[in-house]
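One letter stands for each residue in the lines below.
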Amino acid sequence: METDRFIKLTAGTRGTPGHPVSPDDELRALLEAQALARDLARRVSAHTHSPVRAALFARAAEDEHRAAAHTRLLAADTARRTLAHELPGETFDALAAIHRDPSGYLAGTTALPQDPRTVPTGRPVFKDTRAFLSGFLHISFFEARERVRSIDRLLPGTDINGVPTRPKFPVLAGDFADGTADPGQIGAAARKLEALAPGIDGHPDAATLAETLEDRVAESVRTQDPRTTAKLLAGIQTSLERGPEDLPEEVLRTRTGLFYRGTTGGLGEFLLRTLPRDTEALLAMCASTDNPRTKAGDRDGLLAQSLSTTGTGTDAAAADTALTDGSASGGPSDTAEHAGPGAGFPDFLTDPATGAPLTDPATIRNLSLDPDGLGNLFTPATAANDRIEGNGAGSRNELFDPGTFNSTAYGGDGLTPPQRHLQGLLNLIRAAGQPRTGKKTIGLPSPKTLVIATLDELRGLADTHGITSRGQRLTPAELRQGLCNGGVIPAVMGGRSQILDLGQEERFFPEYMREIILGIYGGCIMPGCTVPPEHCEIDHDELWKNGGTTNIQDGRPLCSGHHHARHTGLIDVVRADDGLFSVILPKFMDPEQKPRRNAHWRTPAPPLF
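An account of the accompanying structure is given in this report. (Residues numbered from 1 in each chain as written. Predicted model: local features only at pLDDT ≥ 70, side-chain atom pairs only at ≥ 80, totals over all residues. Heavy atoms only, no water.)

### Some details on the packing of helix α7 (residues 141-154) against helix α9 (residues 183-195)
Keep this limit in mind: Note on definitions: angles span 0 to 180 degrees between N-to-C directions of axes, and those axes are lines fitted to C-alpha atoms, for helices only across the stretch in contact. Only DSSP runs of H or I covering at least 4 residues are called helices, and only runs of E covering at least 2 are called strands; the numbering of each starts at the N terminus. In this scheme, roughly parallel covers angles under 35 degrees and roughly antiparallel covers those over 145, while 65 to 115 is roughly perpendicular and the rest are oblique. Residue contacts are counted whenever heavy atoms from the two residues lie within 4.5 Å of one another. Note on residue classes: Ala, Val, Leu, Ile, Met, Phe, Trp, Tyr, Cys and Pro are nonpolar, Asp, Glu, Lys and Arg are charged, and everything else, Gly too, is polar.
One can describe the packing of α7 onto α9 by two numbers: an axis separation of 10 Å at closest approach and a directional angle of 75°. Regarding the angle of α7 to α9, the classification is roughly perpendicular. Here α7 contributes Glu146, Arg153 and Leu154 to the contact with α9, which in turn contributes Ile186, Ala190, Arg191 and Glu194. For the contact of α7 with α9, a count of residues per class yields 3 nonpolar, no polar and 4 charged.

Encoded structure:
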């Protein structure tokens, strides 16, 4: 029904033919429409037993939610513009009564309170619009404050001279008004862009940059999931913070470390800061442990480890056996393995340079948090317990004193305590890739780092960055160092990400091809999918049974669900002009039917300078 007709229908003639529509009539019509919408929603929900109608009902309800979010901002803007917070308390009481029972007002028998004829005097009920929204609407102060702040971001207004002004973020504002995207995501993107404004203003062409970034963010909000948009905004922030030149590694290194934040609610809290290459190792470790199809992600074994104790007796013995062999019995004895000069030293203590197990007590103590407190590694348990439970040096409280634990003072080894703690953790991760028994171990993944670089970067002809398979940008120094270390696989590409070396043809993609393909795309190519690369399957461009070949150019990663969706025709995969694959979503998801890529895995920090 046309809006004007509905207003006239609800207003009636008021006893006067040709009665002109008043602002009260429009407000009454809004209240009637809301009541009708609520009643209709309840009826549709109660009487719908068809999945087809249920699906359309869900879309209609989402549209109503998005429209309501825009209406809330319009109401907040109107309240601020009219100084509604300055109304007297008697007026608020009368309005609350009408809201509870609007029948008299809708019928035209009850009138609204009169607007103040003079400037209010004395102490107002509400200090400002934020306080009015919070108190009168019964919402939190933070929600009220966010609505007021969002007015300038997402609604047009007027300046002090009465000149109309556009919203601070017009593209996002248009999407917000049209209901094109989720209002919560639009609001979050606007807040983040506003926080980035000081960095954008420092750019030589700030206006153009601001428009470009807003367009990119708005497109991501419309087409991608919130995590992908958050990664894009984080990349923008990184580029702005770096400025025209990257921070030197020596500056970044001073900020790294494993910092102890104390104990809250019986749980210890730590803050971890790492360089990009170390971030990649940690992400690879987490992804490997999350994969239940690997030994590192063995669900039953990890559960047994998490439930076991580490004290003395049978529980400790069972836990030790599970860590070594992944079973309760049948594993090889460690006696022969640990015999010799290194007997009695833990396997996880390794030389950071070579990865070989450390056997020299003096070297181990130098790498330790508390050199004098490592006696329990080499001495009987009673001596160690005496040290921990005693009141002298090395007691538990002194050992974990945050001032000492988080000190930024450099020791004789050139490391701060947090950097030393971080190195110990990284040693654990890297040592897992060098099992002394040759057997995989439950809970200890063998992470690999795939470094993607152009041929010029490998030759040292370009002063640019390599990028890891999870999007970590490596400096030229980190790139060269990584290519010299074990566990790092170089993927040599042309300038537009074409692989320069093709592999042999096989029915299934061999591991080296799989690693390269995952390095190109990052993870599942379905837009918005966040399944990590370790869980993906490699799909042939042309079906094997139809003559398809197994080579790097014709493979693309898909998670199990989207792999099935591709083969059942729910999604189409097409090759773009650059040789890489894109996805065409179903029409109900993407009416434009544009080839799209998953920006979650490849959302680099944009080159702003």
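### Section: the packing of aromatic side chains
The test is simple: Pairing of aromatic rings covers Phe, Tyr and Trp, the last counted by its six-membered ring, and requires centre-to-centre distances within 6.5 Å; plane angles under 30 degrees mean stacked, over 60 mean edge-to-face, and any other angle means tilted. Buried residues are those whose accessible area, probed at 1.4 Å on protein chains only, stays under 20% of the maximum for their type, while exposed residues exceed 50% and partly exposed ones sit between those limits. A positively charged side chain is recorded as over a ring if its NZ (Lys) or CZ (Arg) lies within 6 Å of the ring centre. The angle to the ring normal must also be within 35 degrees.
With the rule as written, the count across this model stands at 6 aromatic pairs. With a centroid separation of 5.1 Å and an interplanar angle of 75°, the aromatic rings of Phe92 and Phe126 are classed as edge-to-face. Of this pair, Phe92 sits in helix α4 (residues 89-100) while Phe126 sits in the loop between α5 (103-107) and α6 (129-137), and the two are 34 residues apart along the sequence. Accessibility classification places Phe92 together with Phe126 in one group, the buried group. Plain terms: the ring middles of Phe92 and Phe132 are 5.9 Å apart, the flat faces sit at 35° to each other, and that makes the pair tilted. Taken together, the residues span a long stretch of sequence, with Phe92 in helix α4 and Phe132 in helix α6 at a distance of 40 residues. For Phe92, a relative accessible area of 6% gives the class buried. By relative accessible area, which is 9% here, Phe132 ends up buried. Members of the aromatic cluster, connected to one another through ring pairs, are Phe92, Phe126, Phe132 and Phe136. Its end group placed over the ring of Phe259, Arg273 keeps NZ or CZ at 5.2 Å from the ring centre. Just above the ring of Phe581 sits the side chain of Arg556; from NZ or CZ to the centre is 4.5 Å.

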